[in-house]
Amino acid sequence: MSGRIRVLLADDHPVVRAGLRAVLETEADLEIAAEAATAEEAVRLAAGGGIDVVLMDLQFGPGMGGAAATAEITARPGAPRVLIVTTYDSDADTLGAIEAGATGYLLKDAPPAELAAAVREAAAGRTALAPAVADRLLDRMRTPAVALSLREVQVLDLVAQGLANLEIARRLHISQATVKSHLVHVYAKLGVDSRTAAVAAATGRGLIRR
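Given the structure is predicted, the values throughout are model-derived calculations rather than measurements.

J.: Can you explain the sheet that holds strand S5 (residues 104-107)? Please cite residues and give values.
T.: Reading across from one edge, S2-S1-S3-S4-S5-S6 is the order of the 6 strands in this open sheet, with parallel pairing throughout. Taken across any chain shown, the strands that pair with only one partner, and hence form the sheet edges, are strand S2 (30-36) and strand S6 (128-129). Across the face of the sheet, helix H2 (residues 39-47) comes into contact with strand S1 (5-10), S2 and strand S3 (53-56) while running at roughly 130° to S2. In this fold helix H3 (residues 66-74) packs onto S3 and strand S4 (81-86), with an angle of close to 165° to the strand it touches most, S3.

Here it is, written out as structure tokens:
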């Protein structure tokens, strides 16, 4: 890749986009090529070409979310890299984003130099992770027998939102029996025996959002 790195800012908050622009425009090798206020708009702009890196928020308003947009963007041949920039660092968020194809994952409180460096890493196809996210992923690799899978985290996240097994099955397009099986595994890995205890333990460990 030659020339400046062309960046697309995708966030539904104008103030956040303005802040990201102010930080990145001070870097001689970075250029803000476009902005998107919705995930759908980000997908459309990324598909139009001329973008090297998309800075993608995870949480938008009604409609498509950041992880779904990341999956759509990265599924196309020659797609730009997607760097998640968000306030959320739970396993439910990080694992979903990485599975969707994100090259990196940063938190919005990252120092300006770290953000600029992450954009360059992403443009070069290298992974850039917030320290807290990297530590948690390393912990998962060190203790695979007790680490929750992405699907188990997704099920538990929906339990925390108050959904019953039937609703969870419909949301994830799986059977109720599969939901129950996932919960059995979750209970065993977390050392608990109820939905309430599982949610409390997972929240405390940063597996799902508080």
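J.: Account for the pattern of salt bridges, with residues named and values stated.
T.: Evaluation of the coordinates by the stated rule reveals 15 salt bridges. Of the charged contacts, one joins Asp-57 and Lys-108 as a salt bridge, the two residues approaching to 3.5 Å between their closest N and O atoms. Of this pair, Asp-57 sits in the loop between S3 and H3 while Lys-108 sits in the loop between S5 and helix H5 (112-123); the two residues are 51 residues apart in sequence, bridging distant segments of the chain. What makes Lys-108 partly exposed here is its relative accessible area of 30%. Linked by salt bridges that have partners in common, Arg-17, Arg-21, Glu-25 and Glu-35 make up one network.

J.: Tell me about helix H9 (residues 176-190), residues and numbers included.
T.: Since there are 3.6 residues in each turn of an α-helix, residues three or four apart along the chain are aligned in direction. Its 15 residues give H9 an end-to-end C-alpha distance of 21 Å, which sits within 8% of 21 Å, the value for a rise of 1.5 Å per residue. Those residues of H9 lying buried are Val-179, His-182, Leu-183, Val-186, Tyr-187 and Leu-190. All buried residues of H9 fall inside an arc of 140° around its axis, so they share one side. Along H9, exposed side chains directed more than 90 degrees from the buried face belong to Ala-177, Val-184 and Ala-188.

Cut-offs applied
- Residues numbered from 1 in each chain as written.
- Predicted model: local features only at pLDDT ≥ 70, side-chain atom pairs only at ≥ 80, totals over all residues.
- Heavy atoms only, no water.
- Pairing = 2+ DSSP bridges.
- Helix = DSSP H or I, 4+ residues; strand = E, 2+ residues; numbered from the N terminus.
- Contact = heavy atoms within 4.5 Å.
- Axes fitted to C-alpha atoms, helices over the stretch in contact; angles between N-to-C directions.
- Salt bridge = Lys/Arg side-chain N within 4 Å of Asp/Glu carboxyl O.
- Buried < 20%, exposed > 50% of the residue type's maximum accessible area, 1.4 Å probe, protein only.
- Expected span 1.5 Å × (residues − 1).
- Arc of directions from axis to C-beta.

The values are spatial; any link to function lies outside them.
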